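Residue-level listing of the chains:
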Amino acid sequence: YQQLMAAETTRNRMAELEKTFIGKKLLVAVDRLEEKKGIPHKIMAFHKMLQRNPELASECVYLQIVESSGSNDEYTGEDEQIQAYYNDTQRLLTQV
């Protein structure tokens, strides 16, 4: 991950995101696709944080970066779970 985060393209993109979301806390998670079991937990944690503290929706941004494993990435039923948490989080964000 250090190599990915040190790459010039990554640094440039992060600078763009910081400008886009100026004044907000940027919560960044970096995972490999084959380790995606951790991704739903991070999205759930962000979702629960917003449920408990809806005022934070206007103060922070969650960014999930997923690096391809390089193999034929297979998707499972977890993708539907991830999408459901994403949709719920979007709903919470639009209510604030």
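Predicted model only: the values in this text are computed from it and were never measured.

Chemist: Any details on the overall build of the protein chain? Residues and values, ideally.
Modeler: The number of helices and strands found in the protein chain is four helices and two strands. Buried residues in the protein chain amount to 22% of all 96 residues. For the protein chain, the share of sequence-separated contacts (at least 6 apart) that also reach a separation of at least 24 residues comes to 78%. A total accessible area of about 6900 Å² is found for the protein chain, and carbon and sulfur atoms account for 52% of it.

Chemist: Outline the pattern of salt bridges, supporting the account with residue identities and numerical values.
Modeler: Counted according to the given criterion, the structure contains two salt bridges. The closest approach of N and O atoms between E16 and R13, which form a salt bridge, is 2.9 Å. Separated by three residues within a single helix, E16 and R13 lie in helix α2 (residues 8-20), roughly one turn from each other. In this structure E16 comes out as partly exposed when scored by relative accessible area, which is 42%. Note that K42 is salt-bridged to D31, the shortest N-O span being 2.7 Å.

Chemist: If you had to explain helix α3 (residues 38-52) to someone new, which residues and values would you point to?
Modeler: Three or four residues apart is the spacing at which side chains of an α-helix point the same way, because the helix has 3.6 residues per turn. Its 15 residues place the ends of α3 21 Å apart at the C-alpha level, agreeing with the 21 Å of an ideal helix rising 1.5 Å per residue. Buried residues of α3: I39, P40, I43, M44, F46, H47 and L50, and no others. One side of α3 carries all its buried residues, which in axial view fall inside an arc of 165°. Summarising the geometry of α3, the exposed residues directed more than 90 degrees from the buried face are H41 and R52.

Chemist: Account for the side chain of T10, naming residues and giving values.
Modeler: Within the secondary structure, T10 sits in helix α2. The residues contacting T10, other than those within four sequence positions of it, are L4 and M5.

Chemist: Go over the packing of aromatic side chains, please, and point to the residues and values.
Modeler: When we look at a pair of aromatic rings, we describe it by the centre distance and by the angle of the planes. All told, the structure shown has one aromatic pair when counted by the stated rule. Measuring from centroid to centroid gives 5.2 Å for F46 and Y62, while their planes differ by 25°, and the two rings are stacked. Of this pair, F46 sits in helix α3 while Y62 sits in strand β2 (residues 60-67); the two residues are 16 residues apart in sequence, bridging distant segments of the chain. On the basis of relative accessibility, which here comes to 8%, the residue F46 falls in the buried class. A relative accessible area of 22% means that Y62 is categorised as partly exposed.

Chemist: Tell me what's going on with α2, and back it up with residues and numbers.
Modeler: In a regular helix each residue adds 1.5 Å, so 13 residues correspond to 18 Å; α2 covers 18 Å between its end C-alpha atoms and thus fits that length. Along its buried surface, α2 packs onto α1 (2-6), β1 (25-32) and β2.

Rules behind the numbers
- Going along each chain's sequence as written, the residues are numbered from 1 onward.
- Whole-chain, interface and lining totals are the exception, using all residues; otherwise, since this is a predicted model, local features are given only for residues with pLDDT of at least 70 and side-chain atom pairs are given and counted only at 80 or more.
- Side-chain descriptors were evaluated using all non-hydrogen atoms of the structure, hydrogens and water having been removed beforehand.
- Helix and strand assignments come from DSSP, with helices taken as H or I runs of at least 4 residues and strands as E runs of at least 2, each series counted from the N terminus.
- Burial status follows relative accessibility: with a 1.4 Å probe on protein chains alone, a residue under 20% of its type maximum counts as buried, one over 50% as exposed, and anything between as partly exposed.
- Any two residues having at least one pair of non-hydrogen atoms within 4.5 Å are treated as being in contact.
- Computed by Shrake-Rupley with a 1.4 Å probe, the accessible areas treat only the displayed protein chains as cover when residues are assessed.
- Counted as salt bridges are all cases of a side-chain nitrogen of Lys or Arg within 4 Å of a carboxyl oxygen of Asp or Glu.
- Expected helix span is taken as 1.5 Å per residue step, with the number of steps being one fewer than the number of residues.
- Regarding the arc, it is the one traced by the directions from the helix axis to the C-beta atoms.
- Pairing of aromatic rings covers Phe, Tyr and the six-membered ring of Trp, with a centre-to-centre limit of 6.5 Å; geometry is then stacked below 30 degrees between planes, edge-to-face above 60, and tilted otherwise.

Functional significance is not addressed by these values, which are geometric in nature.
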